[in-house]
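Spelled out, the chains give:
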Amino acid sequence: MPQITLPDGTIKSFENPISAHDIAMSIGERLAKACVGCLIDEELSDLSTVIEHDCTLSLVTEKTRDKQDDPNALNLLRHSTAHVMAEAIQRIIPGAMLVYGPALDNGFYYDISFPEDRPLRDGDFEAIEKEMGAIVKENRPFTRYELEYSEGLEKVKAEGSKYKLDNAHRAHRAGSLTLSFYATGEPGKDWEDLCRGPHIPSTGRIGAFKIMSLASSYWHGDENSDRLTRVYGTSFFSKKDLNKHLEQLEEAKKRDHRVLGKKLKLFAIDETVGQGLILWTPNGSVVRKELQNFISAELTKQGYHEVFTPHIGKLDLYRTSGHFPYYAESQFPPLIERDHMHSLSEEGCSCAELSNHLKTGEIEGFMLKPMNCPHHIKVFDSQPHSYKDLPVRLAEFGTVYRWEQSGELNGMTRVRGFTQDDAHLFCTPDQIGQEVQGCLSLVKTIFRILGMNEYRVRVGLRDPDSGKYTGDPANWDKAEQACRDAAETLGVPFTEEPGEAAFYGPKIDFIVKDVIGREWQLGTVQVDYNLPERFDLSYIGPDNEKHRPVMIHRAPFGSMERFIGVLIEHFAGAFPVWLAPEQVRVLPISEKSNDYAHEVMSALHAVGIRSTMDNHDQRVQAKIKNGSEMKIPYLLIVGPRDAENRAVSVRAFGIEKDLGQMPLDNFVSAIGEEYRTKGRSSVRDRFATVNA
RNA sequence: GCCACUGUAGCUCAGUGGUAGAGCGCACCCUUGGUAAGGGUGAGGUCGAGAGUUCAAAUCUCUCCAGCGGCUCCA
């Protein structure tokens, strides 16, 4: 006699075991119709699940009461659509073997192994969608049935897919005594799949769906295992929702830093220069320079010293740091001295031999620096230090080069040459907490000024079961605690992740999402007990003895490339005045006003405002359109009426109508103020005061 | 690195075996205008590179290069 507790607290009792669907019916027929699944004791389940014991029950409908999408409903829908898609694909390509097909946040995928002679191509999408449409139209119920493990295993074996067999084994190992199958229709007659479920009641509930793209994946995510084809799709309860989703994707595309980078002329990548190597065009260089100046100023306030170091270093430097040959795969190949090259080629030296010579140090060479730390260490070590000097904080916008896999490169966010806003702090063990704290407060300041509040923090700790870490475990414990304490003070979500530490020390990472939801690691703060050891660094303590300093690596922005890539998307290209490459554009109404427009521009240039003039032979409407498309903060329309009053008519980006007229001198001082204060005071404010 | 797709004018793209196209941008001319595209004329292309098939290749095939979406990786 199950007692069912509903979300509002009411308790319903039933004489016999009863399905969730029938419970919904007992409340109301319309509710039952709207249901696609249920939560039984918080576990997402089929609506057809028969309840035998006391539990809490929450019915899952297409939309929540406030007409929002219900994530649970979409999850059921999408996993079910994955089944429909798999059936359609197997009808078209009978040899396709299914692997795994889960729902995602905004869709679903199915990993499938296709016969070698019949791969899936995106030209197949139309035919698959047509088949799927037919299956949806047939409105076949998703029917669950369970077999006892050994019996189920026989069935899976008979079907002959090693992937599904593996899934069955995994389910068993996870403690499952039975195997569950879902038929799309009638078991034994219609298509079915080994599946944990749950599903929506029937295919007819799938309102709209679309196959999105193909990708490749590896079985179990293992690069050395079978290669699978991953088919991505999405579905919604209504065509309207699907269209809305597709429109959002289009909108996101417009914010993409790669699209905006081209349109706003911020950066370029040229394949003859090399993939993953950013060319900063004048506009992008302005943004970068403003940011760098800002960071430099903040660093000076915090007692940092800027240094400059070369882009290359001897291999021996990296042998000492431990990065060569250990990380040779992810570095550009070494540069070898000319004399060595000659003699080696005369000796007929093979690549493998050369590589060995480099590893053992029999041949010396140079390397493009993959990180700045060894150079900064050498700066620190170029003179003796007293404990009174510590902490020593060395900062550099240091450009580094890493050999990223070609398939991983992505606009400005994943590149092969990038400039870190790097710094290394050398301190006593006692100073770690305070210094980590200082790094985080800098991050906080910078993110606040930029209005970037949507980031999360990851505290990378060592994996206790791994031996790859160097250094004293007691020191590790102390450093990990310092990171944890510092992260807590930030006031944003943070997670602790064992195994995410660098080999030399624990770290704090700042992670943001790009417009299409991909996460990127930006800044990082890392404690390092290892490199000071390897480089035998020391300072003289109060006891007149040598002591080992601790190092902290930190780069709050990560790299200028990635950060500005993310920043372009954050602002959708509409930079605030202090960062905008073009802060003001003067639009003369006709050639007759060109002279006054020049005067206006000179007045702005005189106070360091980046302004241009649009002297095309076009109407002002067209000039306004062009100016807005370039997302320029202020457009100044100047015509005879303005010239007469020595005024300008101001139009601010993002405002439909113009702000009105303002005396030229006032505008110049107002925008100068907006520039200097990074927006805390603005031209708009000035208008507001005048109008108030 | 792997799989799929894409590569045509400065940009966005059409062109599927038979003389290379459009819109925007650019230059010039007309227009001299007041808040999101006035009108006209013109310049601009080894169709990503190389090889092959063919009487004929932007188009078909192969190799390479690059981009995009994922996977894997990211000190």
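You'll find the structure just up there.
Rules behind the numbers
Residues numbered from 1 in each chain as written. Chains lettered and ligands numbered in written order. Predicted model: local features only at pLDDT ≥ 70, side-chain atom pairs only at ≥ 80, totals over all residues. Heavy atoms only, no water. Buried < 20%, exposed > 50% of the residue type's maximum accessible area, 1.4 Å probe, protein only. Helix = DSSP H or I, 4+ residues; strand = E, 2+ residues; numbered from the N terminus. Pairing = 2+ DSSP bridges. Phe/Tyr/Trp six-rings, centres within 6.5 Å; stacked < 30°, edge-to-face > 60°. Lys NZ or Arg CZ within 6 Å of the ring centre and 35° of its normal. Axes fitted to C-alpha atoms, helices over the stretch in contact; angles between N-to-C directions. Parallel < 35°, antiparallel > 145°, perpendicular 65-115°, else oblique. Left-handed = near helix turned anticlockwise from the far one by under 90°. Contact = heavy atoms within 4.5 Å. 1 Å grid on protein atoms, 1.4 Å probe; cavity = no way out; pocket = protein on both sides within 12 Å on 5 of 7 lines; lining within 4 Å. Points joined across faces, edges and corners; volume = space filled by probe spheres on them. Nonpolar A, V, L, I, M, F, W, Y, C, P; charged D, E, K, R; others polar.

Attention now moves to the pairing of strand β24 (residues 455-461). When you tally the buried positions in β24, you get six out of seven residues, the bulk of the element. Taken together, the six bridges between β24 and strand β26 (residues 507-513) define a ladder with antiparallel strand orientation. Paired with Arg-458 across the bridge in β26 is Asp-509.

Moving on to the packing of aromatic side chains. Scanning the model with the defined rule gives 14 aromatic pairs in all. Between Tyr-109 and Tyr-232, the ring centres sit 5.7 Å apart and the planes meet at 55 degrees, which makes this aromatic pair tilted. Of the two residues, Tyr-109 sits in strand β10 (residues 107-113) while Tyr-232 sits in strand β15 (residues 227-236), which places them 123 residues apart along the sequence. Classification of Tyr-109 as buried rests on a relative accessible area of 10%. Taken together, a centroid distance of 4.0 Å and an interplanar angle of 20 degrees make the contact between Phe-557 and Phe-563 stacked. Phe-557 sits in the buried class, given a relative accessible area of 0%. Grouping aromatic residues by their ring pairs yields a cluster made of Phe-447, Tyr-455, Phe-510, Phe-557 and Phe-563. Taking NZ or CZ as reference, Arg-78 lies 4.7 Å from the ring centre of Phe-236, over its face. Sitting over the ring of Tyr-109, Arg-230 keeps its end group 3.8 Å from the ring centre.

At their nearest, the axes of helix α5 (residues 149-159) and helix α6 (residues 162-173) sit 9 Å apart, and the two run at 165 degrees to each other. The pairing of α5 with α6 is recorded here as roughly antiparallel in orientation. α6 is crossed by α5, and the crossing has left-handed handedness. For the pair α5 and α6, the contacting residues are Tyr-149, Leu-153, Val-156 and Lys-157 in the first and Lys-164, Leu-165, Ala-168, His-169 and His-172 in the second.

Attention now goes to empty space enclosed by the protein. One simple way to see leftover space: roll a probe sized like a water molecule over the atoms. Under the criterion given, the structure shown has two cavities of 30 Å³ or more. Considering only enclosed or pocket space, the largest cavity measures out at about 120 Å³ in volume. Taken together, Leu-264, Leu-266, Asn-283, Gly-573, Phe-575, Ala-580, Pro-581, Glu-582, Met-630, Lys-631, Ile-632 and Pro-633 form the lining of the largest cavity. Its residues assigned to classes, the lining of the largest cavity comprises eight nonpolar, two polar and two charged.

Right, let's talk about the sheet that holds strand β18 (residues 305-306) for a bit. Across the sheet, eight strands lie side by side as β18-β22-β23-β30-β27-β26-β24-β25; this open sheet has mixed pairing. Edge positions in the sheet fall to β18 and β25 (494-498), since each of these pairs with one other strand and no more. Summarising the sheet, β24 and β25 pair through five bridges and their orientation is parallel. In the sheet register, Arg-458 faces β25, and the bridge partner there is Thr-495. Packed on one face of the sheet, helix α9 (residues 282-301) meets β18, β22 (392-401), β23 (417-427) and β30 (550-555) and runs near 160 degrees to β22.

Any functional reading would require information beyond the geometric quantities listed.
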